[in-house]
Amino acid sequence: MLKKIFFISILLVTALSFAQGKMGGMALKRDVSKSGKTDSRDEAEKSAADTIATIDMYKIISLENDTTYVDTTLSIKREYLSNYLRKDNFGLLPLANDGQAYNVLDFGLVGYNPFPEFGFKAKHFAYMQPEDIHYYNVATPYTDLMYRSTQSQGQILDAFVTVNTSENLNFFAGYKGLKSIGKYINAISSNGNFRIGGSYNTTNKRYLLRFHFTGQDFSNEENGGIVSTANFESGDAVYTQRERLDVYFKDAKSLLKGNRYFFDHSFRLSKSNPNSVVIHHQFNYENKFFQFTQPTLSQRFGDAYTTSVYNKTRYNRMYNLIGAAYATEKLGSVEFYLEDYNYNYYYRSVILANDFSVRVPNAVNDRIDTYGARYTYHKNKWYGTATISNSITNQSLSNIDLKASYKYNESTSVSFRYQKMNKLPDLNYQLYQSDYKAYNWSNNFKNEKVNSFEFEGKTKWIDASLQYTILNDHLYFANTATASAEMDTLYVKPFQYGKTINYLSLKAHNNLSFGRFGLDNTVLYQNVQQSDNILNVPTLVTRNSLYYTDRWFKKALQVQTGITFQYFTKYYGNDYNPLIGEFYIQEKRKMGGFPLLDFFLNAKIQEFQLFLKAEHFNASFTGYDYYSAPNYPYRDFTIRFGVIWNFFS
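Time to look at the side chain of R260. Tracing the sequence through the fold places R260 in strand β11 (residues 252–268). Overall, R260 belongs to the buried group, its relative accessible area being 0%. In this structure the side chain of R260 is engaged in a polar contact, spanning 2.8 Å, whose partner is the backbone oxygen of M128.

Before going further, it helps to spend a moment on the sheet that holds strand β2 (residues 67–69). Ordered by their spatial adjacency, 3 strands build an open sheet running β2-β1-β5, and the pairing between neighbours is antiparallel. Of all the strands in the sheet, just β2 and β5 (135–137) have a single pairing partner and so form its edges. Neighbouring strand axes in the sheet, compared pairwise and without regard to direction, differ in orientation by 30° on average. Pairing of strand β1 (residues 59–61) with β5 involves 3 bridges; the strand directions are antiparallel. Its bridge partner being in β5, I60 is matched across the sheet by Y136.

Right, let's talk about the side chain of S389 for a bit. Here S389 is to be found in strand β18 (residues 382–391). Looking at S389, the relative accessible area reads 8%, which means it is buried. Excluding residues that lie within four positions of it along the chain, S389 makes contacts with Y337, E339, Y371, G372, L397, S398 and N399.

In the structure shown here, the tally under the stated rule is 54 aromatic pairs. Between F263 and F283, the ring centres sit 5.3 Å apart and the planes meet at 25°, which makes this aromatic pair stacked. In this pair, F263 sits in strand β11 while F283 sits in strand β12 (residues 277–294), placing the two residues 20 residues apart along the sequence. By relative accessible area, which is 28% here, F263 ends up partly exposed.

Another point: a nonpolar patch on the surface. A cluster of nonpolar side chains, F267, L269, V277, I279, I322, Y326, L338, Y371 and I392, forms an exposed patch at the surface whose accessible area comes to about 790 Å². When residues of the nonpolar patch are traced back to their parent elements, those giving at least two are β12 and β13 (309–328). With respect to the helices, strands and loops of the structure, Y371 is situated in strand β17 (residues 363–379). Assessed through its relative accessible area of 45%, Y371 is described here as partly exposed.

Rules used in this analysis
Residues numbered from 1 in each chain as written. Predicted model: local features only at pLDDT ≥ 70, side-chain atom pairs only at ≥ 80, totals over all residues. Heavy atoms only, no water. Helix = DSSP H or I, 4+ residues; strand = E, 2+ residues; numbered from the N terminus. Buried < 20%, exposed > 50% of the residue type's maximum accessible area, 1.4 Å probe, protein only. Polar contact = N/O pair within 3.5 Å; in protein donor to acceptor, adjacent residues only side chain to side chain. Pairing = 2+ DSSP bridges. Axes fitted to C-alpha atoms, helices over the stretch in contact; angles between N-to-C directions. Contact = heavy atoms within 4.5 Å. Phe/Tyr/Trp six-rings, centres within 6.5 Å; stacked < 30°, edge-to-face > 60°. Patch = residues over 30% accessible without salt bridge, like charges linked within 9 Å, V, L, I, M, F, W, Y side chains within 5 Å. Areas by Shrake-Rupley, 256 points an atom, 1.4 Å probe, with all protein chains shown as cover. Salt bridge = Lys/Arg side-chain N within 4 Å of Asp/Glu carboxyl O.

Set out below in structure tokens:
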């Protein structure tokens, strides 16, 4: 259904862009007819000059009003973006097939929201949140197409088009689809991200509007990992054909699906005076469900109430923000706002267990109202924001978020952020129901407390960032199966850690050039102080790329080729549980300490880019001990190819 909607949207936006072109041509002719007697050659040159669009006319605007421009350069930075997520995935370790979950190596990537969220975080890495949707202002219709091969018998296609029907009105539509069979039994991925939206502003910027709709679904066959790691690590030719490795589940499947309706708009009361009161309103309605089905029961999850498993968790929320801001050119703007957050997380039945002594309810729902204030200052080289919010209703919820940055010049800047949050637990920690008896719970956890300090400095030589985070009442999942139980049994449940966790990270990046050669380095150091192994991350994560860039055939063809080396130290990596769509802590097996080598070749002619990549080409000669999670091998040697094509008309 979403594919049909996408193609209809593409036709609509294409028709609008064609109409824009026709109207633009008519306006140009009208200008010529009014000009009277002119030199036709001068007029032609003037018309050509007027129709030339520069790259800074293709603006990409975030929800927070940060503006960048379309990037079509052939650079090492863009090489890191040529993946399924379309963003730099340093610090994320993917499972074997495309479209599956990622194990988090860099804890600094974890974000927090004071409101209770749906949960099932392992299924949300490719799920587009409101802050992931960008808005556009383009001089001519702009199209971005990406095709990329997958692990086996599949492809990734990301198609996006945007057009301004006038200087003030923009529409966009996009669809990213993935289908990949994978190399292991029961590992097919079939995912789709559809988005459509736009933005509008009056000529005097008195009224601003941004809106979008997203429809997203992520379907994965879940095999639970391989049964025998010894067979995988043996390197035997029989088992290098990965479909011969036995897996835990042959017919399990998970599905995350969600729709979102979003708009954000503001209105300035004064027509002409920029120092005026601005009324702001944001609306966000979203409904989701996470479903796990398994026709054949598995003793890995223990006993069940039924002969087959069908778990479905449903969720919807409605969020409204209404605020009034006063803006001045000298002092910045101050906004006071109210938030209304209404959610419903539910199942179809109530579970009574242990002779009716245990009752697991079927729903958690609540309405949370908060008040807050936001101050924004942006003048010359200084930019800063301060946000403070607190709950009005009975729930204990608060958030303080302070940011400041100073930009010396285009290549040098410093920034600071402090955040103190009193966060309500995510909903799948509070309530979960399953046909498996061990996977039913109803909890009343305390709020998580987060204190975080971040410093970042950028120069033309090096970028460096420091993060220090203090966690109290941290929530996590762990396996409760006892040592006397069968080793393969998983009774994963949520827990709350009553002690303090101190997390420190230092990340540095630089890009060195030696003529046509370049060396790009990113290094992450992490240190965790805790009484128990709850927050587990590798001490060192590194990525280093040595590459060569040149222009051939009278500079018509730009090429870039090189090798990327990735490595992280051994640690007790979190394991993945597909039944609950979450990673959980474990202390039985360390993973890491293996090198990952990728060879890449990129070629670009005008706005057409072709890329070829040999991923993990060292797999066969450095040992089969590479894992993304215990019992989940990392990807084997794979040759990828694809194209990225941009159109500006």
